[in-house]
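Summary of the model geometry
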Amino acid sequence: TRHRPKVAIICGSGLGVLADALQHSDSFKYSDIPNFPQSTVQGHAGQLVFGELRGTACVCMKGRFHMYEGHQPAKVTFPIRVFKLLGVKILIVTNAAGSLADDYKTGDVMIIKDHINLLGLAGQNPLIGPNIEQFGPRFPPMTSAYDKDLCKLAMDICKRLGYTCVHKGIYCMVSGPNFETVAEARFLHSLGADAVGMSTAAEVVVAKHCGLRVFGLSLITNQVKKDYSEKGSVNHDDVLGVSKMRAEMLKALVSEMIAEVCGCACLLLD
Ligand SMILES: O=P(O)(O)O[C@H]1O[C@H](CO)[C@@H](O)[C@H]1O
Ligand SMILES: Nc1nc2[nH]cnc2c(=O)[nH]1
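Under an unreviewed UniProt entry, the name given to the chain is Purine nucleoside phosphorylase, and the organism recorded is Erpetoichthys calabaricus. Here is the UniProt Pathway (unreviewed entry) comment for the chain, exactly as written: "Purine metabolism; purine nucleoside salvage."

Re the site of ligand 1
Near ligand 1 you find 13 residues, and of these S13, H66, Y68, S199 and H236 are the closest. In this structure, S13 approaches ligand 1 through a side-chain N or O atom, which is 2.7 Å from an oxygen atom. Within the side chain of Y68, an N or O atom sits 2.7 Å from an oxygen atom of ligand 1. Here the residues of the shell around ligand 1 are counted per class, giving five nonpolar, seven polar and one charged.

Some thoughts on the packing of helix α4 (residues 148-161) against helix α7 (residues 236-263)
Direction vectors running N to C along α4 and α7 enclose 120°, while the axes themselves pass 10 Å from each other. It follows that α4 is oblique to α7 by the angle criterion. Of the two possible hands of crossing, α4 and α7 adopt the one that is right-handed. From α4, L150, L153, A154, I157, C158, R160 and L161 reach across to α7, where they touch L253, E256, M257, E260 and V261.

Each value, and the rule that gives it
- Residues numbered from 1 in each chain as written.
- Chains lettered and ligands numbered in written order.
- Predicted model: local features only at pLDDT ≥ 70, side-chain atom pairs only at ≥ 80, totals over all residues.
- Heavy atoms only, no water.
- UniProt positions renumbered as here; feature names shortened; annotations may be inferred.
- Near = heavy atom within 4 Å.
- Polar contact = N/O pair within 3.5 Å; in protein donor to acceptor, adjacent residues only side chain to side chain.
- Nonpolar A, V, L, I, M, F, W, Y, C, P; charged D, E, K, R; others polar.
- Axes fitted to C-alpha atoms, helices over the stretch in contact; angles between N-to-C directions.
- Helix = DSSP H or I, 4+ residues; strand = E, 2+ residues; numbered from the N terminus.
- Parallel < 35°, antiparallel > 145°, perpendicular 65-115°, else oblique.
- Left-handed = near helix turned anticlockwise from the far one by under 90°.
- Contact = heavy atoms within 4.5 Å.

Right, here's the structure in full:
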């Protein structure tokens with residue numbers, strides 16, 4: 001491919017259409033890329049797409065890897081270091097997540113302001129093992145994992161586009177693959193998490209370690225039950241259904257973000 005991406009986008013469950021926004025695209029199946037893991041989850045196509053979005057060269061992961069698929073944390077985050085070596089400066093992570101916050105509705109968007117890497121805290125951190133100094137320091141800070149300027153830019157764009165169902169909140173990564181029990185949902189909420197999912201935090205830790213700017217979006221696909229009296233249960237088909245419904249909105253937001261970032265060269269510097 002002739003594209004030399006500055007921005008990498010990871011598409012969450014059912015959000016592969018974000019990659020369709022890329023023009024003059026070249027796609028590569030993960031199975032054709034040496035050492036790349038394979039996608040095994042429905043809603044994750046398993047393709048790396050290079051192309052241009054609003055004048056900026058981008059690479060899109062149409063399908064991410066999850067630890068519940070049997071991958072070690074370092075394998076899940078392997079593509080992030082590939083992006084760094086390709087010259088990427090900004091990582092945009094997207095995901096489908098369940099809401100723990102009382103005021104989030106299904107279909108809302110949460111701009112991720114911070115995360116709780118529950119697995120990382122519990123010894124499943126992708127940076128465990130010999131540190132590769134070429135990428136970053138042994139003890140990287142994570143106090144500003146999600147770029148404040150990009151968060152603000154996104155909030156401004158949402159206002160301009162007239163999106164009202166947008167929040168800023170904290171994402172918690174768990175391993176899955178089962179969805180939460182009521183007691184677990186209460187526990188995660190009491191920790192300060194607004195949304196929960198089975199991805200993203202590990203990718204962000206590796207991205208920050210190697211000096212990428214990070215912007216994150218969660219699409220709220222379901223309510224996580226925090227009360228035994230609430231009826232119904234979540235399943236992956238419902239998650240994909242909501243993602244499909246809201247994918248165009250996320251596509252518009254991500255496109256605007258990239259157009260603005262492209263206009264502000266300082267955001268693409270180290
Ligand atoms: O985080 P993404 O990949 O968007 O997917 C989310 O949706 C799936 C569950 O429906 C899980 O994989 C969860 O992590
Ligand atoms: N852990 C978890 N992941 C999700 N991904 C989408 N919805 C959910 C959820 O409710 N819980």
